[in-house]
Amino acid sequence: MTPPVKARSGHIILEGRLSYSDLTRVYPEIHRKVVEANRPFQKESEPLLPEVLLEENLRDLRADRKPAGYNRSDPFALRLIFPICDRRHPEFYFSKPARCQEVVQITEQVAQLLKRRSLKHSVEYDRLPLGQPRGLPPAPPVGSGTGVVRSS
């Protein structure tokens, strides 16, 4: 399948009998890619944060637990999320608030990294349940008035 040009989220789902602990050997490189993508958004007051997060995530992966990922508060930053999901098929995804090429690029780069390390997986895009699109509120039924009561 050809990847899209732009996406809001890029999901990587581990297949077969793979678990979180199988990501231990490749996670430092995945983490580095996310940190580099977020370099413009990093605050000067958080110089050690990426290294601390890397160690915490590696500790969880070694223990075969769901790691925290990289979910910083900056609204424009690239996020690496490990959602709560079926333990038989762990997954993680990259996301940004708007559709962009960066999400597709990093997803494809990580998919190639996993393929080189013989970690069987599948890739999907824009799987997040975002709900109904917002628009104008529905118009009130004809004859119902506006709800405003005038006193004389």
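The structure displayed is predicted, hence computed values, not measured ones.

(A) Summary view of unusual backbone geometry. Although it is not a glycine, Asp-64 adopts a positive phi angle of roughly 60°. Take Asp-64: it is sitting in the loop between α2 (49–62) and β2 (79–81). Judged by relative accessible area, Asp-64 falls into the partly exposed class, the value being 24%. Of note, Asp-126 is a non-glycine position whose phi angle comes to about 50°, a positive value. If you trace the backbone, Asp-126 turns up in the segment after β4 (121–125). The class for Asp-126 is partly exposed, based on a relative accessible area of 33%.

(B) Examining the pairing of strand β3 (residues 91–100) more closely. A large share of β3 lies buried, amounting to 7 of its 10 residues. Looking at chain direction, strand β1 (residues 7–14) and β3 are connected through 6 bridges and run antiparallel. Residue Ile-12 lies in a different strand from β3, and its bridge partner there is Phe-92. Here β2 pairs with β3 via 3 bridges, running antiparallel.

(C) Focus on the sheet that holds β1. One open sheet accounts for 4 strands, arranged β2-β3-β1-β4; its pairing is antiparallel. In this open sheet, the two strands that pair with only one neighbour each are β2 and β4. Across the sheet, the mean angle from the axis of one strand to that of its neighbour is 20°, orientation sign disregarded. Contacts from helix α3 (residues 101–116) reach β1, β3 and β4 within the one sheet, and its direction differs from that of β3 by about 160°.

What counts and how
- Residues numbered from 1 in each chain as written.
- Predicted model: local features only at pLDDT ≥ 70, side-chain atom pairs only at ≥ 80, totals over all residues.
- Heavy atoms only, no water.
- Helix = DSSP H or I, 4+ residues; strand = E, 2+ residues; numbered from the N terminus.
- Buried < 20%, exposed > 50% of the residue type's maximum accessible area, 1.4 Å probe, protein only.
- Pairing = 2+ DSSP bridges.
- Axes fitted to C-alpha atoms, helices over the stretch in contact; angles between N-to-C directions.
- Contact = heavy atoms within 4.5 Å.

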